[in-house]
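Spelled out, the chains give:
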Amino acid sequence: MAFLMFVILIMLTLISYFLGKRSLMSPWFLLCLMFLATFSVVLINYNKWAVSINEYFVLYVTSALLAFGGGCLVVQALKRPCKAPNNVNATELRKSFIIKTKYPVNIFLVISAIFTGIYIVKLILDAGISSSFTSILRRIYEMQSGEHYSPGFIFNQFREVVVAIAYLNVFRLFIRIYAREDKISIVKLIVPVFLFLVLILISTERNLFLRFAIYTVSIWVFIYGKNLHCKNANLKIVIRAALLLAVIVLIFFLLGVAKQYKSSFFDQFSIYSASGLNNFNVWLKDFDGQLLYGKSTFTTFLSSLSEILSLINVKLNATVNQIDPFIDYVTPDGYHYYSNIFSAFKPYVEDFGYLGVIVFPFTVGLFYQWLYVKAERKNFSLSWIIYCMLIYSVIYFPILEQLFRRFHLGFIYEIVWITLLYYLVFGRKKSKVVKGRTSAQIKGAQ
């Protein structure tokens, strides 16, 4: 069964790549690629974890991936022809308004420094001064993971502003790197990003780092791809992206060490990236069939609704624990690991059984293909940023559910702040004529 699943994932990855017009950023291709990559890690640990793939796992995963692809193909078939000319010159578009718009790099640097400092001091004070730096980090991690700690609304907004500035600076940084005649300071663009990484280190939120890393790689693929007009362009992107991913994995491991994780590099990487699929496989075999009808998938929404209703003395007992209990997975030879990570498909199955892995992935496929089509139509725009921000949910599908179950107010704040700052910076009117093009043509091209 394991070999059959591996072959199916290879076939689906190839099919999604060609049906997605060989785009590396097509959501269906990214989903199939991630399942292929994570399942490969499962196979590498096949003997160590005593893996035994069952037929239900093969059926459910294959059906879910096909359903997601079906949603993507529906949008792809219904999309209107792009009004932008096919021979739009990317460099000309950049020079038309992105580079010519004055970017508030100094203001962003100062705001990031102040807000990062305030947020970090708040966390350390709430955690309490300890004997070592790693002990403080561990205490902060325990507060946020086990005690539902929050520094408060105002301090959370400070953090979201730092996040928004880091995302925008990365966008502007890559344009600066690949554009000619751009004089903006690279150092001033990098400093707020570095401050954001320090904030991640202190707050011990590796998930926030991974979301930022996925965004960075994705926005780089969009921008770098516009500069390539040659054969084997995707191969060049993949080679360079592999180097970026290697750095990301190393930093992720070091963040785990900072939280006093004792596992080796390979074990940390394997458990985080692939134990979700193995756990889902084990869980699915023993699933008793009792359905929750939305309580698992929409637990974050229902939890927020319950808090609102409690204000008027109305009780809503319709949620489950957002964090699955830890599994002490023990193999026959005595090897064990602790993991609470499940595939995104687990809550879908918990709620609606086999129907769940058809309806939810199909709906998510519709949504992400729609976002991708919008990003395709508008070069160097907010659509790129939003798509690259949200694509992390697709990347996480083999690991855990991030779109419905983890979509919370904090992430909405991020989107709001990034959108607001983007329009404050780039929302001004563009010149009527740029090198022979009218403003209408430039707008259409974007």
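Residues numbered from 1 in each chain as written. Predicted model: local features only at pLDDT ≥ 70, side-chain atom pairs only at ≥ 80, totals over all residues. Heavy atoms only, no water.

1. A short note on the pattern of salt bridges
Put simply, the rule is: The rule for a salt bridge is simple: a side-chain nitrogen of Lys or Arg has to be within 4 Å of a carboxyl oxygen of Asp or Glu. Labels follow the DSSP assignment, with helices taken as runs of H or I lasting at least four residues and strands as runs of E lasting at least two, numbered in each case from the N terminus.
Under the definition given, this model contains 5 salt bridges. Across the salt bridge formed by Glu-350 and Lys-346, the nearest N and O atoms sit 3.0 Å from each other. Placement of the pair is Glu-350 and Lys-346 together in helix α13 (residues 345-352), with a separation of 4 residues, close to one helical turn. Each member of the salt-bridge network shares a partner with another, and the members are Arg-159, Glu-160 and Glu-205.

2. Observations regarding empty space enclosed by the protein
For the record, the criterion: Space inside and on the surface of the protein is sampled on a 1 Å grid over the protein atoms alone, with a cavity defined as a set of points where a 1.4 Å probe fits but cannot get out and a pocket as an open set with protein on both sides within 12 Å along at least 5 of 7 lines; lining residues have an atom within 4 Å of a point. Grid points are joined across faces, edges and corners, and a volume is the space filled by probe spheres set on the points.
In this structure the tally under the stated criterion is 3 cavities of 30 Å³ or more. Taken as a whole, the largest cavity spans an internal volume of roughly 50 Å³. Around the largest cavity, the lining residues are Leu-19, Gly-20, Lys-21, Ser-26, Gln-76, Lys-79, Gln-369, Tyr-372 and Glu-376. The element that contributes the greatest number of residues to the lining of the largest cavity is helix α14 (residues 356-377), accounting for 3 residues.

3. Section: the side chain of Ser-203
Note the following rule: Polar contacts, as counted here, are pairs of nitrogen or oxygen atoms within 3.5 Å of one another; within protein the pair requires one atom able to donate a hydrogen and one able to accept it, and residues that are adjacent in sequence qualify only if both atoms are side-chain atoms. Note on definitions: a residue-residue contact is assigned when non-hydrogen atoms from the two residues lie within 4.5 Å.
Summarising the element assignment, Ser-203 is placed in helix α8 (residues 186-203). Of note is the side chain of Ser-203, whose polar atom sits 3.3 Å from the backbone oxygen of Ile-200. The residues touching Ser-203, leaving out its near neighbours within four places in the chain, are Tyr-119, Leu-123, Ile-140 and Gln-144.

4. Brief notes about the packing of helix α2 (residues 27-44) against helix α3 (residues 55-78)
Quick reminder of the rule: Note on method: axes are straight lines fitted to C-alpha atoms, helices fitted across the in-contact stretch only, with angles between N-to-C directions ranging 0 to 180 degrees. Convention used here: angles under 35 degrees read as roughly parallel, angles over 145 as roughly antiparallel, angles from 65 to 115 as roughly perpendicular, and any remaining angle as oblique. Charged means Asp, Glu, Lys or Arg here, nonpolar means Ala, Val, Leu, Ile, Met, Phe, Trp, Tyr, Cys or Pro, and polar covers whatever is left, Gly included.
Running from amino to carboxyl end, α2 crosses α3 at an angle of 160 degrees, the nearest separation of the two axes being 9 Å. Judged by the inter-axis angle, α2 sits roughly antiparallel to α3. Facing Pro-27, Trp-28, Leu-31, Phe-35 and Phe-39 of α2, the residues of α3 in contact are Phe-57, Val-61, Leu-65, Phe-68, Gly-69, Cys-72 and Leu-73. Here the contact of α2 with α3 is built from residues that sort into 11 nonpolar, 1 polar and no charged.

5. A closer look at α8
Note the cut-off: Here, expected helix span is obtained from the residue count minus one, scaled by 1.5 Å. Think of it in three bands: with a 1.4 Å probe and only protein chains considered, a residue is buried below 20% of the maximum accessible area for its type, exposed above 50%, and partly exposed in between.
Taking 1.5 Å per residue, 18 residues should reach 26 Å; α8 reaches 26 Å between its end C-alpha atoms and fits that length. Of the residues making up α8, those classed as buried are Leu-189, Pro-192, Val-193, Leu-195, Phe-196, Leu-199, Ile-200, Ile-202 and Ser-203. After α8 finishes, the residue Thr-204 shows a positive phi value of roughly 60 degrees.

6. Some points on the nonpolar core
Put simply, the rule reads: Remark: nonpolar core denotes a set of buried residues (Ala, Val, Leu, Ile, Met, Phe, Trp, Tyr, Cys) joined through side-chain atoms within 4.5 Å.
Counting residues in each nonpolar core, the largest one holds 124 residues, and the members touching the most others are Phe-171, Ile-219, Tyr-368 and Ile-385. With 14 residues, the single largest contributor to this core is helix α9 (residues 206-225). Residues within four places of Phe-171 in sequence aside, it is in contact with Ile-98, Tyr-215, Ile-219, Ile-223, Phe-380, Ser-381, Ile-385, Tyr-422 and Phe-426.

7. Side note on the environment of Val-51
Structurally, the position occupied by Val-51 is in the loop between α2 and α3. Its relative accessible area of 5% is what places Val-51 among the buried residues. Distance in space between the C-alpha atoms of Val-51 and Val-282 is 8.8 Å, their sequence separation being 231 residues. Ignoring any residue separated from it by four or fewer positions in sequence, one finds Val-51 in contact with Val-42, Asn-45, Tyr-46 and Asn-278.

8. Side note on unusual backbone geometry
In the Ramachandran plot, Arg-22 falls in the positive-phi region, its phi being about 60 degrees despite a non-glycine side chain. As for its placement among the helices and strands, Arg-22 is situated in the loop between α1 (2-19) and α2. One non-glycine residue, Tyr-293, lies in positive phi territory at about 55 degrees.

9. A closer look at the confidence of the model for the chain
Condition: Confidence scores here are pLDDT values: one per residue, from the predictor, ranging 0 to 100.
When pLDDT is averaged across the chain, the result is 81; 80% of the residues are at 70 or more. Segment residues 84-90 is flagged for pLDDT under 50; beyond a separation of four residues in sequence, or across chains, it makes 10 contacts in the model. In this model, residues 429-446 is a region of pLDDT below 50 whose contacts with residues beyond four sequence positions or in other chains number 31 contacts.

10. A closer look at the environment of Leu-292
Its place among the elements puts Leu-292 in the loop between α11 (265-285) and α12 (299-310). For the pair Leu-292 and Gly-353, spaced 61 residues apart in sequence, the C-alpha separation works out to 9.4 Å.

11. Let's talk about the packing of helix α15 (residues 382-390) against helix α17 (residues 409-426)
Heads up, the rule is: Two helices that cross are described as forming a left-handed crossing if the nearer one is turned anticlockwise from the farther one by less than a right angle, and a right-handed crossing if clockwise.
Contact geometry for α15 and α17: axes closest at 11 Å, N-to-C directions at 160 degrees. What the angle tells us is that α15 and α17 run roughly antiparallel. Read as a crossing pair, α15 and α17 show a hand that is right-handed. Across from Leu-382, Ile-385, Ile-386, Met-389 and Leu-390 in α15, the residues of α17 making contact are Phe-411, Glu-414, Ile-415, Ile-418, Thr-419, Tyr-422 and Tyr-423. Residues that form the contact of α15 with α17 fall into these classes: 10 nonpolar, 1 polar and 1 charged.

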